[in-house]
Amino acid sequence: MENSREFYHEFEKAIEGQNFGKLTLDFVAVKFLDSSGIGAVIKASSALHNRGVEIFVTNLNKNLNSVFRLSGLNHILSILTLDEYLSKFPEFSKTLEV
């Protein structure tokens, strides 16, 4: 809850004026996500979907994976394990943490 507004504000700044077709959210450093964090992810994904951007999520720990599925985020985001992601996008193998 304490970081969700900051996340969305930084997200808006990062995508402002950018033109891209795909975006990956790497959750390797995220250990917990509450309802306000879920809301921020939904808001961000909505903004991207409206621009035609495909969103991928990777590096979810077991608890976050459950949260994403229970909240229905798996229906609006492409959730991939790290292995699945690197298989699809091998060019990012050096930039993502295992």
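Our subject is the structure that appears above.
Owing to the predicted nature of the structure, the values given are computational and were not obtained by experimental measurement. (Residues numbered from 1 in each chain as written. Predicted model: local features only at pLDDT ≥ 70, side-chain atom pairs only at ≥ 80, totals over all residues. Heavy atoms only, no water.)

Describing unusual backbone geometry
We count it as follows: A run of H or I in DSSP counts as a helix once it spans at least four residues, and a run of E counts as a strand once it spans at least two, with each numbered from the N terminus.
Positive phi outside glycine occurs at Asn 59, with the angle close to 65 degrees. The topology assignment puts Asn 59 in the loop between β2 (54-58) and α3 (62-70).

What about the nonpolar core?
Let me state the cut-off plainly: Side-chain atoms within 4.5 Å are what join buried Ala, Val, Leu, Ile, Met, Phe, Trp, Tyr and Cys residues into a set we call a nonpolar core. The cut-offs for exposure are 20% and 50% of the maximum accessible area for each residue type, with area from a 1.4 Å probe on protein chains only; residues under the lower value are buried, those over the upper are exposed, and the others partly exposed. The criterion used for residue contact is that any of the two residues' heavy atoms lie within 4.5 Å.
Residues Phe 11, Phe 27, Leu 48, Val 57, Leu 60, Phe 68 and Leu 77 are the most contacted members of the largest nonpolar core, which totals 20 residues. Only α1 (4-15), β1 (22-26), α2 (35-50), β2 and α3 provide two or more residues apiece to this core. A total of 4 residues in this core trace back to one element, the largest contributor, which is α2. Beyond its immediate chain neighbours, meaning those up to four positions away, Phe 11 contacts Leu 23, Ala 44, Ala 47 and Leu 48. Counting residues in hydrophobic clusters, the runner-up holds 6 residues, among them Phe 56, Leu 80, Leu 82 and Tyr 85.

Brief notes about the pairing of β2
Under the convention used in this document: Strand pairing is assigned whenever DSSP detects at least two bridges linking the two strands. With its strands directed away from the observer, a crossover is right-handed exactly when the path from the first strand over the helix to the second travels clockwise.
The element β2 is largely enclosed, with a buried count of 4 among its 5 residues. Of the pairings in the sheet, the one linking β1 to β2 comprises 5 bridges and is parallel in character. Residue pairing in the sheet places Leu 23 in a bridge with Ile 55 of β2. Between the parallel elements β1 and β2, the chain passes through α2 in a crossover that is right-handed. Where β2 lies against strand β3 (residues 78-79), 2 bridges are found, and the strand directions are parallel. Residue pairing in the sheet places Val 57 in a bridge with Ile 79 of β3.

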